[in-house]
Amino acid sequence: MLDRSRIVGLPISRIDGPLKVTGQARYAAEHFEPGMLFGHAALATVATGRIIALDVRAAERVPGVVKIYTHENRPKTAYRDSKWKDAVALPGHPFRPLENDRVLFDGQPVAFVVAETPEAARDAAALIHAHYAAERPHTDILAERHDSYEPPVARMKQLLPPPPRGDAEAAFAAAPHKISADYLLSGEHHNPMELFAATVRFEDDGVLTIHDKTQGSQNSRDYVCGVFGLDPDKVIVKNDFVGGAFGQALRPKHHLFLAVMASLDLSRSMKVEITRREMFYLSWRPSCVQTVSLAADADGRLQAVLHHAVHATSRHEDYQENVANWSGLAYKCDNVKISYELVKLDLATPGDMRAPGAASGIAALETAMDELAHEVGIDPLELRVRNFVHRDQNQDKAITSKALHACYREGAARFGWSERSPEPRSMREGNDLVGWGMAGGIWEAMMSKGEAKVRLSSDGKVRVSAAASDIGTGTYTILGQIAAETFDCPIDAVTVDIGSSDLPKTGVEGGSWTAATTGSAVQAAAKAVVKTLLRHAASMENSPLAEASEEHVEIADGRLVLESNHQAGIALADIMAAAGLDTIEEHAKVGPDMLSMMRYAAYSHSAVFVEVRVDEELGVVRVTRVVSAIAAGRILNPKTARSQILGGVVMGIGMALHEEGMIDHRTGRIMNHNLAEYHVPAHADIHDIDVIFVEEDDDKASPIGVKGLGETGIVGVAAAVSNAIFHATGKRIRDLPITIDKVLESEVVQ
Ligand code: MOS
């Protein structure tokens, strides 16, 4: 743990903020190289079939066009699938752009134009005519769900459903109160501000420097080296600034492959930036069909939980996420049966999107819990309190910390939950039906392996480095705070160097594990610097620290001192001068504590309370108030942390009311591939959002007590909105998003 707190825990503004608001922070597409070329892909206009012919003659005549690549002239690349597998790849065959004449999904790149200007490349790409032998696409999960299958290879062990407990079917049949329903979730598309882009600097010495929009510079580097057979020392990938990603930039996308392919083939610097439309043809949150059955005794104690989840994947990869397992651990229950299957559709491979699995699965579970509360006739919050469990029953492990009771209590108090009138349709105001709903959220508190370096200079400046990414989450700032904490220096004295593959080894920024991982690595490296300082200080003449041990010293006001007596100490500059050093740099590696992981499971938890107002005649739903109470371990920076939760809540409102990938199932084509027709919440959709952090003192989830915040904020929000709509209208809508038509057409439940 971080023992003291001088800078950690303060609401410090983003240290990268001034660069961003003044336009000095450059994103992947904003780097320029003299003489660079620009690329643009032509996209398939059928969802499945074969390319019979590609007519590129008109495109070739566009002034400025340098070369057009298709599957017929694509340069040679690695043959084996293993070379194409990135760090978070899936079972199956990774997509290879321009591999052959096969079309696997709508919007797949079928040709790639390289030109002297981006306009020429785009213009020419539009003139490429493809002739296809189209086949009948299968893109409707409801039509294909009978063809579901269990994933042959688990992507990760945690994705396997837990073994059944007790006899869920018998307990369900015998229980006095029960509900069972199907819950649908539309496919969703990531829409970060920044589009995928790569700028490749080609140099004669064979070194490629690539600015890539990615959540992991080393993942992109390793992918490029694997696919093109390059030496890892000759490729540097940079992602200093990332304009949001939400999981979509975990795996390398076609823009990176195509930019590097052309750069190597033509020996020129290259830039590829995709369009907003192309963003819709990449990874997406899979459409999902779930059946949840819950049974309770007369007091609302859960007797049976059955959860069956089926979601979409592509033909070529088995995308997997943890949708249903949460139902076996969220509440106390001895009779549990969970199953999980995939359905192959003729669409691009889905991918992780903010709280992948949990956002979908808990939307169903927490709506079902609300239905059960109504059936039993008790308050929805009280139902959850009665079924509280302080153990991971799936894995039969203790939980590192779970301050969920405090989330319930503080969230309910802030929201005013005790004023709720239990009957649906009982809180009318003018034309508005007012509804209050709540739900719980869970996300796994993960930590991965990570490394960092910390360097102290004799002028008191500190430099932190790691190949971590800041995808808008505040990584720069919290790493700076952690270093400043150890050295007791202002955050301005710390330079945070991240976002480059040549820095100490770090995994992708995903799973909400970066603060726990890189934060712990920075703290460990900073402590190693202190240890080195002490070693030098102890050997100085008449040293007051001669007998001191590293556990009992700290840095205060530029001096290394005894914790117990700040008078006994030596200025850092004097220690370094005596040792003849200008800098001290230490490197640290951290990883999850395997012994502790055998005994404990770690999760962050939340309670979300929502008020909606539904115009009874128009069916318009407004989410007028949200209180999100979060228990996620130590909060390093309440300002950046709150921002993460606000973003998660907004995205959860999008999931509940707006976001819906629409496919024409006759053609398998995505119809609403733009921000005019694919709706995300706009400012007018967002009203009061109140975030409460319930601090937890957790020394097991990670060395610095952090559990992660990037994802937990979205989990439960959609269910809370849906439950509030039920409370307002008496209409139970199990098909997300809950659009106006569904509100108007649904019947009031009697
Ligand atoms: Mo997150 S969906 O692991 O970027």
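Structure shown above.
What counts as what
- Residues numbered from 1 in each chain as written.
- Predicted model: local features only at pLDDT ≥ 70, side-chain atom pairs only at ≥ 80, totals over all residues.
- Heavy atoms only, no water.
- Helix = DSSP H or I, 4+ residues; strand = E, 2+ residues; numbered from the N terminus.
- Rg over C-alpha atoms; globule rule 2.2 N^0.38 Å.
- Buried < 20%, exposed > 50% of the residue type's maximum accessible area, 1.4 Å probe, protein only.
- Contact = heavy atoms within 4.5 Å.
- Areas by Shrake-Rupley, 256 points an atom, 1.4 Å probe, with all protein chains shown as cover.
- Lys, Arg positive; Asp, Glu negative; His and termini not counted.
- Charge placed at Lys NZ, Arg CZ, Asp CG, Glu CD.
- Phe/Tyr/Trp six-rings, centres within 6.5 Å; stacked < 30°, edge-to-face > 60°.
- Arc of directions from axis to C-beta.
- Pairing = 2+ DSSP bridges.
- Axes fitted to C-alpha atoms, helices over the stretch in contact; angles between N-to-C directions.
- Salt bridge = Lys/Arg side-chain N within 4 Å of Asp/Glu carboxyl O.
- Parallel < 35°, antiparallel > 145°, perpendicular 65-115°, else oblique.
- Left-handed = near helix turned anticlockwise from the far one by under 90°.
- Nonpolar A, V, L, I, M, F, W, Y, C, P; charged D, E, K, R; others polar.
- Core = buried A, V, L, I, M, F, W, Y, C linked by side-chain atoms within 4.5 Å.
- 1 Å grid on protein atoms, 1.4 Å probe; cavity = no way out; pocket = protein on both sides within 12 Å on 5 of 7 lines; lining within 4 Å.
- Points joined across faces, edges and corners; volume = space filled by probe spheres on them.

**Student:** An account of the overall build of the protein chain is needed here, citing residue identities and associated values.
**Tutor:** Each helix and strand in the protein chain was counted, giving 19 helices and 34 strands. Expected size for 750 residues packed as a compact globule is a radius of gyration near 27 Å; at 27 Å, the protein chain falls within 12% of this value. In terms of its C-alpha atoms, the protein chain occupies a principal-axis envelope of roughly 85 × 70 × 50 Å. Per-residue burial for the protein chain yields a buried fraction of 62% across its 750 residues. Expressed as a percentage of contacts within the protein chain between residues at least 6 apart in sequence, the contacts between residues at least 24 apart total 80%. Accessible surface, the protein chain as shown: approximately 28700 Å² in total, 51% of it carbon and sulfur. Placing the 77 positive and 101 negative side-chain charges of the protein chain at their respective mean positions leaves the two points 2 Å apart.

**Student:** Before we move on, can you summarise the packing of aromatic side chains with the specific residues and values?
**Tutor:** Within this structure, the stated rule accounts for 14 aromatic pairs. With a centroid separation of 5.4 Å and an interplanar angle of 70 degrees, the aromatic rings of Phe280 and Tyr678 are classed as edge-to-face. One end of the pair, Phe280, is in the loop between helix 9 (276–279) and strand 13 (284–285); the other, Tyr678, is in the loop between strand 32 (669–670) and strand 33 (688–693), with 398 residues separating them in the sequence. The same class applies to Phe280 as to Tyr678, namely buried.

**Student:** Can you lay out helix 15 (residues 572–579) for me, pointing to particular residues and giving the numbers?
**Tutor:** Every buried residue of helix 15 is listed here: Leu572, Ile575 and Met576. For helix 15, the angular spread of the buried residues around the axis is 90 degrees, confining them to a single face. Away from its buried face by more than 90 degrees, helix 15 exposes Ala577 and Ala578. Tucked into the core, helix 15 has its buried residues touching strand 21 (450–457), helix 14 (514–538), strand 24 (553–556), strand 25 (559–562), strand 26 (565–571) and strand 27 (583–590). Looking one or two residues past helix 15, Gly580 carries a phi angle of roughly 70 degrees, positive in sign.

**Student:** Mind laying out the sheet that holds strand 23 (residues 494–497), listing which residues take part and the relevant values?
**Tutor:** Hydrogen bonds between backbone groups are what pair the strands of a sheet, and the pairing can be parallel or antiparallel. The four strands lie next to each other as 23-22-21-27, forming an open sheet whose pairing is mixed. Both outer strands of the open sheet, strand 23 and strand 27, are each paired with one neighbouring strand and no more. When strand polarity is set aside, the average angle formed by the axes of neighbouring strands in this sheet is 15 degrees. Relative to strand 23, strand 22 (residues 462–465) runs parallel, the two being bridged by four bridges. Within strand 23, the residue paired with Val462 across the bridge is Val494. Across the sheet, helix 13 (residues 475–487) lies against strand 21, strand 22 and strand 23, angled at about 140 degrees from strand 23, the strand it touches most.

**Student:** Which residues make up the sheet that holds strand 29 (residues 603–615), and what values do they have?
**Tutor:** Ordered by their spatial adjacency, five strands build an open sheet running 19-20-29-30-33, and the pairing between neighbours is mixed. Of all the strands in the sheet, just strand 19 (428–429) and strand 33 have a single pairing partner and so form its edges. Bridge count for strand 30 (residues 621–631) against strand 33 is six bridges, and the pairing is parallel. Within strand 33, the residue paired with Arg625 across the bridge is Asp688. Its contacts with the sheet put helix 12 (residues 404–415) on strand 20 (432–444), strand 29, strand 30 and strand 33, and the angle it makes with strand 29 is roughly 25 degrees. Packing against the sheet, helix 18 (residues 717–729) makes contact with strand 20, strand 29 and strand 30, and its axis sits at approximately 155 degrees to strand 20.

**Student:** Any chance you could break down the pattern of salt bridges for me, citing the residues and the numbers?
**Tutor:** It is possible for side chains of opposite charge to pair when their charged atoms get near one another. For the structure shown, the criterion picks out 44 salt bridges. A salt bridge links Asp346 to Arg315; its shortest N-O distance comes to 2.7 Å. Of this pair, Asp346 sits in the loop between strand 16 (336–344) and helix 10 (358–376) while Arg315 sits in the loop between strand 15 (302–313) and strand 16, and the two are 31 residues apart along the sequence. On the basis of relative accessibility, which here comes to 4%, the residue Asp346 falls in the buried class. Measuring nitrogen to oxygen at the nearest pair gives 2.8 Å for the salt bridge that ties Glu371 to Arg734. Linking Glu371 in helix 10 with Arg734 in the loop between helix 18 and strand 34 (735–736), this pair joins segments that are 363 residues apart in sequence. By relative accessible area, which is 9% here, Glu371 ends up buried. Given a relative accessible area of 31%, Arg734 falls into the partly exposed group.

**Student:** I'd like a rundown of the packing of helix 17 (residues 638–658) against helix 18, residues and numbers included.
**Tutor:** With their axes 7 Å apart at the nearest point, helix 17 and helix 18 run at an angle of 55 degrees to one another. Viewed along their axes, helix 17 and helix 18 adopt a mutual orientation that is oblique. Along this stretch, helix 17 crosses helix 18, giving a crossing that reads as right-handed. Each of Val649, Gly652, Ile653, Met655, Ala656 and Leu657 in helix 17 lies in contact with helix 18, whose residues at this interface are Val717, Ala718, Val721 and Ile725. Considering only residue class, the contact of helix 17 with helix 18 consists of nine nonpolar, one polar and no charged.

**Student:** Explain the nonpolar core to me, using residue names and the numbers behind them.
**Tutor:** Grouped together as the largest cluster of nonpolar side chains are 107 residues, with contacts concentrated most on Leu294, Phe609, Val610, Val612, Leu657 and Val721. If one sorts the elements of this core by residue count, helix 10 sits on top with eleven residues. Once residues within four sequence positions are removed from consideration, Leu657 is found in contact with Val621, Val623, Val721, Ile725, Pro737, Ile738 and Thr739.

**Student:** Report on the layout of surface pockets, specifying residues and quantitative values.
**Tutor:** In this structure, the second largest pocket encloses a volume near 480 Å³. Around the second largest pocket, the lining is made up of 30 residues, and of these Ser186, Gly187, Ser287, Gly661 and His665 lie nearest the centre. Within the residue set of the lining of the second largest pocket, elements represented by two or more residues are helix 5 (141–144), strand 7 (177–185), strand 14 (288–296) and strand 34. Classifying every residue of the lining of the second largest pocket by side-chain character gives 17 nonpolar, seven polar and six charged.

**Student:** Give me the lowdown on the pairing of strand 26, citing residues and values where you can.
**Tutor:** Both faces of the sheet carry side chains from a regular strand, because those side chains alternate between them. Inspection of the sheet shows strand 25 paired to strand 26 by four bridges, in the antiparallel sense. Residue Val561 lies in a different strand from strand 26, and its bridge partner there is Gly569. Linkage of strand 25 to strand 26, two consecutive antiparallel strands, is achieved through a turn of two residues.

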